[in-house]
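Structural overview for review
Here's the letter readout for the chains.
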Amino acid sequence: MSGCAARRYLAAALSRCRVRALPLREAPSRGLRALCAASPGASQLPPRRHLSSRNRAEGKVLEPVGVFEVPKQQGKYETGQLFLHSVFGYRGIVLFPWQARLYDRDVASPVPEKSENAAGHGSKEVKGKTHTYYQVLIDARDCPHISQRSQTEAVTFLANHDDSRALYAIPGLDYVSHEDILPYSSTDQVPIQHELFERFLMYDQTKVPPFVARDTLCAWQEKNHPWLELSDVHRETTENIRVTVIPFYMGMREAQNSHVYWWRYCIRLENLDNEVVQLRERHWRIFSLSGTLETVRGRGVVGREPVLSKEQPAFQYSSHVSLQASSGHMWGTFRFERPDGSHFDVRIPPFSLESNKDEKTPPSGLHW
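Procedures and definitions
- Residues numbered from 1 in each chain as written.
- Predicted model: local features only at pLDDT ≥ 70, side-chain atom pairs only at ≥ 80, totals over all residues.
- Heavy atoms only, no water.
- Phe/Tyr/Trp six-rings, centres within 6.5 Å; stacked < 30°, edge-to-face > 60°.
- Helix = DSSP H or I, 4+ residues; strand = E, 2+ residues; numbered from the N terminus.
- Buried < 20%, exposed > 50% of the residue type's maximum accessible area, 1.4 Å probe, protein only.
- Lys NZ or Arg CZ within 6 Å of the ring centre and 35° of its normal.
- Polar contact = N/O pair within 3.5 Å; in protein donor to acceptor, adjacent residues only side chain to side chain.
- pLDDT = per-residue confidence, 0-100.
- Contact = heavy atoms within 4.5 Å.
- Core = buried A, V, L, I, M, F, W, Y, C linked by side-chain atoms within 4.5 Å.
- Domains from an automatic or database assignment.
- Salt bridge = Lys/Arg side-chain N within 4 Å of Asp/Glu carboxyl O.

All right, on to the packing of aromatic side chains then. In this structure the tally under the stated criterion is 16 aromatic pairs. With a centroid separation of 6.3 Å and 55° between ring planes, the pair formed by Trp 227 and Tyr 249 is classed as tilted. Taken together, the residues span a long stretch of sequence, with Trp 227 in helix α4 (residues 215-228) and Tyr 249 in strand β18 (residues 241-255) at a distance of 22 residues. Both residues of the pair, Trp 227 and Tyr 249, belong to the buried class. Site record: aromatic cluster; members linked through ring pairs are Phe 96, Trp 98, Phe 200 and Trp 220. Above the face of the Phe 248 ring, Arg 264 is positioned so that its terminal group lies 4.3 Å from the ring centre.

So this is what it looks like as structure tokens:
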């Protein structure tokens, strides 16, 4: 396809502004893996290397994407910053930042002689610290290659109709922590292929970075702020497996003369060791303000039992939970298996499920 034809095709896709309707359940990941890695010592980003499901190179496609920039140790990245994801390897662009509260139980102070409570482990006092995350677009060319490791349809909205279990997903929308950004620059005026790229951003060579927000992006952020905002992040490490949880309130729906409150939660599993391990089971405990305590057990997550290795150390997914109360808590464990067949449990840090107290109207799907 020629460059002009490709641009016409992209413009047609943008005019339709597609969102995908999904059932409210755990959706399996699909596709093959591919990584783009940036070397801090190189001035130009290395070529993308396509990998098979067995992690063996099928061939090398030389595809320079830009010039590597020094990652920021202080401050934040601006709207329009191009980057490679340091863990999942996809190309992306920053839409806007979020200031979150990070509750890291690995650095929490032990509180002696304190029993477990309804919120979970209860043995540590955890103080939140400010941490920057970013709302980003993922390059559509990379989505098929990363879906084995990270869902590309993880940002969901409740649908605006009577079916309280229906939701919509925006493909290629993600949340990225500041330390996962490997910034780069490009002379390409459309460096990211995504149906929302030209709807949200425009090229301005006088700016740094040269991609600035359109009014449509600002309006979209403002209208959907309650359902997009990232506020709390929870993290804990057990036997070199780090679990990070980010909950999001999705809104309330009425069902059978009662109110049902919905949340999505994003979980990232990271193997910080060289030993290969595989996730086998999940064990959740869900406490509702109404006084109920539910236990959920099952094989794997989202239909998968991911292997975490030195080559592929991380797995990220999203799921959903509903309560007939405006708040609650979740906590639990993941059971992993070692190569010798032994098992160990990894703690899921307890996190709150809070609704928006000032919500005037429930979210109505996707606002434009």
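Attention now moves to the side chain of Arg 105. Note that Arg 105 resides in the loop between β7 (91-104) and β8 (109-110). Overall, Arg 105 belongs to the buried group, its relative accessible area being 8%. In terms of polar contacts, Arg 105 uses its side chain to reach the side chain of Glu 236, at 3.2 Å.

Attention now goes to the confidence of the model for the protein. In the predicted model, the protein carries a mean pLDDT of 79, and the fraction of residues at 70 or more is 73%. For residues 112-116, every residue scores under 50 in pLDDT, and the model assigns this stretch five contacts once sequence neighbours within four places are set aside. In the model, residues 360-368 has pLDDT below 50 throughout and makes 33 contacts with residues more than four positions away in sequence or in other chains.

With that settled, the discussion passes to the nonpolar core. Judged by nonpolar contacts, the single largest core of 63 residues is most densely connected at Leu 228, Leu 230, Ile 267, Trp 284, Phe 334 and Phe 336. Counting only domains with at least three residues in this core, you end up with domain 1 (72-106 + 127-230) and domain 2 (238-357). Beyond its immediate stretch of four places on either side in the chain, Ile 267 contacts Val 243, Thr 244, Val 245, Trp 284, Phe 315, Gln 316, Tyr 317 and Phe 334. Phe 88, Val 94, Val 136 and Ala 314 belong to the second-largest nonpolar core, a separate cluster that totals 13 residues.

This paragraph deals with the pattern of salt bridges. Summed over all chains, the structure comprises 17 salt bridges. For Asp 104, the salt bridge is made with Arg 235, and the minimal N-O distance between the two is 3.9 Å. Of this pair, Asp 104 sits in strand β7 while Arg 235 sits in strand β17 (residues 232-238); the two residues are 131 residues apart in sequence, bridging distant segments of the chain. This pair shows no difference in class: Asp 104 is buried, exactly as Arg 235 is. We note a salt bridge from Arg 335 to Asp 345, for which the minimum N-O separation is 2.7 Å. Linking Arg 335 in strand β24 (residues 327-337) with Asp 345 in strand β25 (residues 343-354), this pair joins segments that are ten residues apart in sequence. On the basis of relative accessible area, Arg 335 is assigned to the partly exposed category, the value being 33%. Among the charged side chains, a network of salt bridges with common partners joins Arg 280, Glu 281, Arg 299, Glu 305 and Glu 337.

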